[in-house]
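The primary structure of each chain is shown beneath.
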Amino acid sequence: MRKKVVFIVLLLGMVLTSTGQNQQLQIMSYNVRHCAGMDLVVDYNRTSAVIVQQQPDVVALQELDSMTGRSEHRDQLDELASRTGYHQVFGAAIEYDGGQYGVGILTREMPVSTKRIPLPGEESRVLLVVELEDYVIACTHLDLDEAQRLASVPLIVEEAQRWQKPFLLAGDWNDTPDSELLKVMTQYFTIFSGEEATYPADEPTECIDYVGVFNGRAEAIDSHVIDEPEASDHRPLAVRVQLR
């Protein structure tokens, strides 16, 4: 009887491990330009509707205001979280207009831990890291200056190397697929998002938004830029991956 119980426990553990390793995730990366659309109107319902329509597991957001005068002292990530039902984590990059400005992550699952890592930039940048049960999602918005973008790579890689879980990185990297930055990044990250243009939203000509995984710990099932030409000056990027 005891051997039978041990066998069942071991079998259950194998099933749970296999389930975790084969987990599929829908990831969205979206530069929302402080929720101001191409018409320059700030509309939280419009931005939220883009997220709800896709039903992602996690959303990496860039260009968020928190309590700034420009946004009438509202917490923009909280506005989006309340409308979508997701958990929220904000990462401030700079003090701005009486509040803060930075990136954010929305997750269906309650985060296990969070971390904010400063990155170099002519305008200070940040890497926001959120640990979930089976993986880690990080969000960043890299600097406009190439040297500052390249200087951010070792810091991102150093953080990715700390984790035993799959480490996914999403965001606006402000560089094109043929750039020096992407050549360096692909030494460490598998980029899932292809070369489909994301900016400007009305008539996209540049691919500058990406999703990737460190050290090949996931594979892409599907990747596409969402046909949303009005809610921001970037189009959102959606990637479905399977964790390894």
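Residues numbered from 1 in each chain as written. Predicted model: local features only at pLDDT ≥ 70, side-chain atom pairs only at ≥ 80, totals over all residues. Heavy atoms only, no water.

Novice: Hey, could you run me through the nonpolar core in this one?
Specialist: One broad rule of soluble globular proteins: the nonpolar side chains tend to lie buried together. Counting 28 residues, the largest nonpolar core has Ile 27, Tyr 135, Ile 137, Leu 168 and Phe 192 as its most contacted members. Examining the composition of this core, we find that four residues originate from one element, strand E12 (residues 237-243), more than from any other. Sequence-distant contacts of Phe 192, defined by excluding residues within four places in its chain, comprise Leu 168, Val 211, Gly 212, Val 213, Ala 218, Glu 219, Ala 220, Ser 223, Val 239 and Val 241. Counting residues in hydrophobic clusters, the runner-up holds 23 residues, among them Leu 119, Ile 156, Ala 160 and Phe 214. (Core = buried A, V, L, I, M, F, W, Y, C linked by side-chain atoms within 4.5 Å. Buried < 20%, exposed > 50% of the residue type's maximum accessible area, 1.4 Å probe, protein only. Helix = DSSP H or I, 4+ residues; strand = E, 2+ residues; numbered from the N terminus. Contact = heavy atoms within 4.5 Å.)

Novice: Sorry if this is basic, but what is going on with the sheet that holds strand E11 (residues 218-225) here?
Specialist: Sheets are built from strands paired through backbone hydrogen bonds, the pairs being either parallel or antiparallel. Spatially, E3-E4-E2-E1-E12-E11 is the arrangement adopted by the six strands of the open sheet, whose pairing is mixed. The sheet terminates laterally at strand E3 (87-96) and E11, the two strands that pair on one side only. The sheet shows a mean angle of 20° between the axes of neighbouring strands, direction not considered. Two elements, E3 and strand E4 (residues 99-107), share nine bridges in a ladder whose sense is antiparallel. Bridge pairing in E4 links Tyr 96 to Gly 99. Contacts from helix H2 (residues 44-54) reach strand E1 (24-31), strand E2 (58-66), E4, E11 and E12, with the element oriented near 160° to E1. Docked against the sheet, helix H3 (residues 76-84) engages E2, E3 and E4, running at close to 140° with respect to E2. (Pairing = 2+ DSSP bridges. Axes fitted to C-alpha atoms, helices over the stretch in contact; angles between N-to-C directions.)

Novice: Please explain unusual backbone geometry as it appears in this structure.
Specialist: Excluding glycine, residues mostly carry a negative phi; peptide bonds, for their part, are mostly trans. Here the amide bond leading from Tyr 199 into Pro 200 is cis, since omega sits at -10°, within 30 degrees of zero. Relative to the elements of secondary structure, Pro 200 occurs in the loop between strand E9 (189-191) and strand E10 (209-214). The phi torsion at Asn 174 lies on the positive side, around 55°, for a residue other than glycine. Locating Asn 174 in the fold gives a position in the loop between strand E8 (167-172) and helix H5 (180-185). Positive phi, normally seen in glycine, also occurs at Asn 215, with a value near 60°. One can find Asn 215 in the loop between E10 and E11.

Novice: I keep staring at the sheet that holds E10 and nothing clicks. Help me out?
Specialist: A sheet is described by the order of its strands in space; here six strands give the open sequence E5-E6-E7-E8-E10-E9, paired in mixed fashion. Of all strands in the sheet, those with a lone pairing partner are strand E5 (113-119) and E9, marking the two edges. Looking at each pair of strands side by side, their axes are set apart by 20° on average, direction ignored. Sheet analysis places E5 next to strand E6 (residues 125-131), joined by seven bridges and oriented antiparallel. When the sheet's bridge partners are listed, Pro 118 is paired in E6 with Val 126. The strands that helix H4 (residues 146-161) touches are E5, E6, E8, E9 and E10; relative to E5, the one it contacts most, it runs at about 160°.

Novice: Just checking my understanding: could you explain the packing of aromatic side chains for this structure?
Specialist: Two measures describe an aromatic ring pair: the distance that separates the ring centres and the angle between the ring planes. Tallied over the entire structure, the rule returns four aromatic pairs. Measuring from ring centre to ring centre gives 6.5 Å for Phe 167 and Phe 189, while their planes differ by 55°; the resulting arrangement is tilted. One end of the pair, Phe 167, is in strand E8; the other, Phe 189, is in strand E9, and 22 residues separate them in sequence. Each of the two residues, Phe 167 as well as Phe 189, counts as buried. (Phe/Tyr/Trp six-rings, centres within 6.5 Å; stacked < 30°, edge-to-face > 60°.)

Novice: When you look at the packing of H2 against H3 in this model, what are you seeing that I'm missing?
Specialist: A packed helix pair is summarised by two numbers, namely the angle formed by the two axes and the spacing between the axes. Across the interface, H2 lies against H3 with an axial gap of 9 Å and an inter-helix angle of 55°. Of the possible angle classes, the one that applies to H2 and H3 is oblique. Between H2 and H3 the crossing geometry is right-handed. Across from Tyr 44, Asn 45, Thr 47, Ser 48, Ile 51 and Val 52 in H2, the residues of H3 making contact are Gln 76, Glu 79, Leu 80, Arg 83 and Thr 84. Classifying every residue of the contact of H2 with H3 by side-chain character gives four nonpolar, five polar and two charged. (Parallel < 35°, antiparallel > 145°, perpendicular 65-115°, else oblique. Left-handed = near helix turned anticlockwise from the far one by under 90°. Nonpolar A, V, L, I, M, F, W, Y, C, P; charged D, E, K, R; others polar.)

Novice: Would you mind going over the side chain of Thr 47 with me for this structure?
Specialist: Tracing the backbone through its elements, the reader meets Thr 47 in helix H2. Classification of Thr 47 as buried rests on a relative accessible area of 1%.

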